[in-house]
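Chain by chain, the residues run as shown.
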Amino acid sequence: MSITRRIAIATGVAAALMGTTAMAQDNVRIALVAKSLGNGFFEAAARGAEEAAEELGNAEIIYTGPTSTTAEGQIEVINSLVAQRVDAIAISANDPDAVVPALQKAMQRGITVISWDSGVAPEGREMHLAPSSDELIGQTIIKLAADKLPDGGKVAVLSATSTSTNQNTWIAEMEKVMDQYPDIELVATVYGDDLADKSYRETQGLLQSYPDLDAIIAPTSVGIVAAAQAVQDAGKTGEVNVTGLGLPSEMAGAIESGASQSFAIWNPVDLGYATAMLAYNLATDEAKAEPGAEIGMGRMGTATLDDDNQAAMSEPFTYDASNIDEFKSVF
Amino acid sequence: MSIAEGTRPRHVPDRLASRPARILRSWELLLTVIAILIFLANTQASPYFLDPWNLSDATFNFTEKAMIAFAMALLIIAGEIDLSVAGIIALASTAMGWALQYGAGMPVLVLIGLGVGLVCGAFNGLLVTRLGLPSIVVTIGTMSLFRGISYIVLGDQAFNGYPSDFAFFGRGYVFWVISFELVLFAVLAVIYGVVLHATNFGRQIYAIGNNATAATFSGIRVARVKMILFLLTGLMSGIAAICLTARLGSTRPSIAFAWELEVVTMVVLGGVSILGGAGSILGVVIAALIMGMVTFGLGLLNVPGIVMSIFIGALLIGVIALPRLIRLVRTGKAA
């Protein structure tokens, strides 16, 4: 190979390299860090983020994460993202504290850091996007039952344990809005302790004590499956509607049989989409993360930050016969 | 072999191959060449690779694992193995976190980390040397046992709130970009190199690995040497637990999950024979650098971790198979 040819090739390669760097600089590079790769929930979130990137036009999503759900694995990932000088890191943390030093280093170097799904301690991120809030969950679970009972009726709640903070908060939030549904009567609250067999027996008890029961609300993924099974086994499918919070993969059977007409849980696609939108707006300085700030999330509306710079995306997403097939293989 | 050749007197060399020739054929040289190739490939693949701070961050990918790999190399050369090292890290870290809840300060935490490591090492060592159980079976058992205790203590909870002077072990810098962990890694490399290659104890390790029975008849106290090596591996796991816990600032039972395989990979890639009797610390050091550079380089290209493990696995098989393949091509028969 002649020297001139070599120089020509080298210049060409150098120009190509510079060209790609220049192009990369134009794009806002948003890293979406999962708890671990190979998990359907996060794969779905990545699809949502890609959708946001397409809509934005000049955003690029780097979907990454460790192979196992460890903090040290995520730190290695964060370090390599910091080294690449990405514009934003959006992380669902395996450990809210362990990733803080690595993320602080990222912020010192001018990278926008937000957490989503599973939060990071406030000193390690600019803001956190929770999939939903206690208030919205409480409002959703009663609405799910009431929507199928236009003429009113009797509903019962099957909860986890009587000391479960989450469930108690959601039920309290639900009771706050009960006056919007004057024809709905809450007849009982029972506790299945998040055990499949106890939840099943408690449901049987409800069906016997209240033969005219119209709906069971189970704001727990264990309880809702057991309740649907008990209703089906008692031959009350179609009479008693089981609803609440559940996972599409576990509830597909109940939706198919009709024991449950609909239920709710966060939609990972929407969550990934909203996360990417927020990261983009913060990284491009369109918005600033501070208490009270309202930041756009594209088609998901706006996120309003509270005093801890946390925001809730939306009310849980409703799953029914029309979309269960799409999501049952996701999570 | 032709008849003419057979009738000639067999040539017996009166000395080993000359020093330069031996170096040329050595495993360490092969590894060094591979390390340089990977380094060059990384500088070409990503414009972010050659940055002192980025390289400094990347050293954390291997320093803690390499510390354990030094002791593991000695143990494997002696014909034993310890697969419970990651379990020991989890247990030592949990013990430190537990002591923290009772107000333990930095010196106490360090002593607990080292102490738990030694106790775990002693437990493995006693089962192997006193009861004569195979170390691979014993340590597969204790791997689950040690981590299991962490899971019982912690469940889905975490210990955190480690003091800032303790954090120095995992996050501190001695000079500019040179972290405390990197210095510790270098110091330990020298110590283990000297112990293995320049002391009586080191020669005993090779002797045991090559033929434990012959070593016994030569007056080497085999059980005692093996016990010391298990204690050392436990101690190094304790040190790694201190560094990792300090770096993370929290303890979860999943800490250092599956590290035992990465440590053994590092040792074997470093040229230590898995059957015992051969290997060097220099090889392990270069292997640690290679693994650190590969994971960091692929990370810069956002290659998913699953693909990274495939790459490391292929590298391991390739590097081990290469010398045998060369011999096969040269002589027409496998070794």
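For the structure itself, look to the data block above.
What you are looking at is a predicted structure, and each value in this text was computed from that prediction instead of being measured.

### What to know about the overall build of chain A
Regarding its fold elements, chain A presents 11 helices and 14 strands. Overall, chain A is about 90 × 45 × 35 Å in size when its C-alpha atoms are taken along their principal axes. For chain A, long-range pairs separated by at least 24 residues make up 71% of all intrachain contacts whose partners lie at least 6 apart in sequence.

### A few points about the pairing of strand E10 (residues 262-265) of chain A
All names here are of chain A. Burial of the side chains of E10 extends over both faces: Ser262 and Ala264 are buried on one face and Phe263 and Ile265 on the other. Across 4 bridges, the pairing between E10 and strand E14 (residues 317-320) is antiparallel. Counterpart to Ser262 in the pairing with E14 is Asp320.

### Things to note about the interface of chain B and chain A
When the parts of a complex come together, some accessible area is lost, and that lost area is often used as the size of the interface. At the junction of the two partners, chain B supplies 29 residues and chain A supplies 24 residues. For the side of chain B that touches chain A, the secondary structure elements donating two or more residues are helix H4 (52-59), helix H13 (222-248), helix H15 (281-300) and helix H16 (305-331) of chain B. For the side of chain B that touches chain A, the element with the highest residue contribution is H15 of chain B, accounting for 4 residues.

### Some points on unusual backbone geometry
Residue and element names in this part refer to chain B. Here Trp176, not a glycine, exhibits a phi torsion of approximately 50°, which is positive. Structurally, the position occupied by Trp176 is in the loop between strand E2 (173-175) and strand E3 (178-179). Using a count of 9 C-beta atoms within 10 Å as the deciding quantity, one classes Trp176 as exposed. Located in the positive-phi region is Asn302, a residue other than glycine, with phi close to 55°. Along the chain, the position of Asn302 falls in the loop between H15 and H16.

### Description of the sheet that holds strand E3 (residues 88-91) of chain A
Residues and elements named next belong to chain A. Across the sheet, 6 strands lie side by side as E2-E1-E3-E4-E5-E13; this open sheet has parallel pairing. The sheet terminates laterally at strand E2 (59-64) and strand E13 (310-312), the two strands that pair on one side only. Taken pair by pair, the neighbouring strands of this sheet meet at an average axis angle of 20°, ignoring direction. Two strands pair when backbone bridges link them, and E3 and strand E4 (residues 112-116) are joined in this way by 4 bridges, in the parallel orientation. Bridge pairing links Ala90 to Ile114 in E4.

### Focus: the pairing of strand E7 (residues 184-191) of chain A
Residue and element names in this part refer to chain A. When strand E6 (residues 153-159) meets E7, the two strands line up parallel, connected through 7 bridges. Within E7, the residue paired with Val155 across the bridge is Leu186. As a crossover connection, the stretch from E6 through helix H6 (residues 165-176) into E7 is right-handed.

### Focus: the packing of helix H9 (residues 164-171) of chain B against H13 of chain B
Residue and element names in this part refer to chain B. Between H9 and H13, the least distance of the axes is 7 Å, while the angle of their chain directions is 110°. The pairing of H9 with H13 is recorded here as roughly perpendicular in orientation. The crossing of H9 and H13 is left-handed. From H9, Phe166, Ala167, Phe168, Phe169, Gly170 and Arg171 reach across to H13, where they touch Ile242, Cys243, Leu244, Ala246 and Arg247. Broken down by class, the residue content of the contact of H9 with H13 amounts to 8 nonpolar, 1 polar and 2 charged.

Conventions and cut-offs
- Residues numbered from 1 in each chain as written.
- Chains lettered and ligands numbered in written order.
- Predicted model: local features only at pLDDT ≥ 70, side-chain atom pairs only at ≥ 80, totals over all residues.
- Helix = DSSP H or I, 4+ residues; strand = E, 2+ residues; numbered from the N terminus.
- Contact = placed C-beta atoms within 7 Å.
- Buried ≥ 20, exposed ≤ 12 C-beta atoms within 10 Å, placed from the backbone.
- Pairing = 2+ DSSP bridges.
- Axes fitted to C-alpha atoms, helices over the stretch in contact; angles between N-to-C directions.
- Right-handed = clockwise from strand over helix to strand, strands pointing away.
- Parallel < 35°, antiparallel > 145°, perpendicular 65-115°, else oblique.
- Left-handed = near helix turned anticlockwise from the far one by under 90°.
- Nonpolar A, V, L, I, M, F, W, Y, C, P; charged D, E, K, R; others polar.

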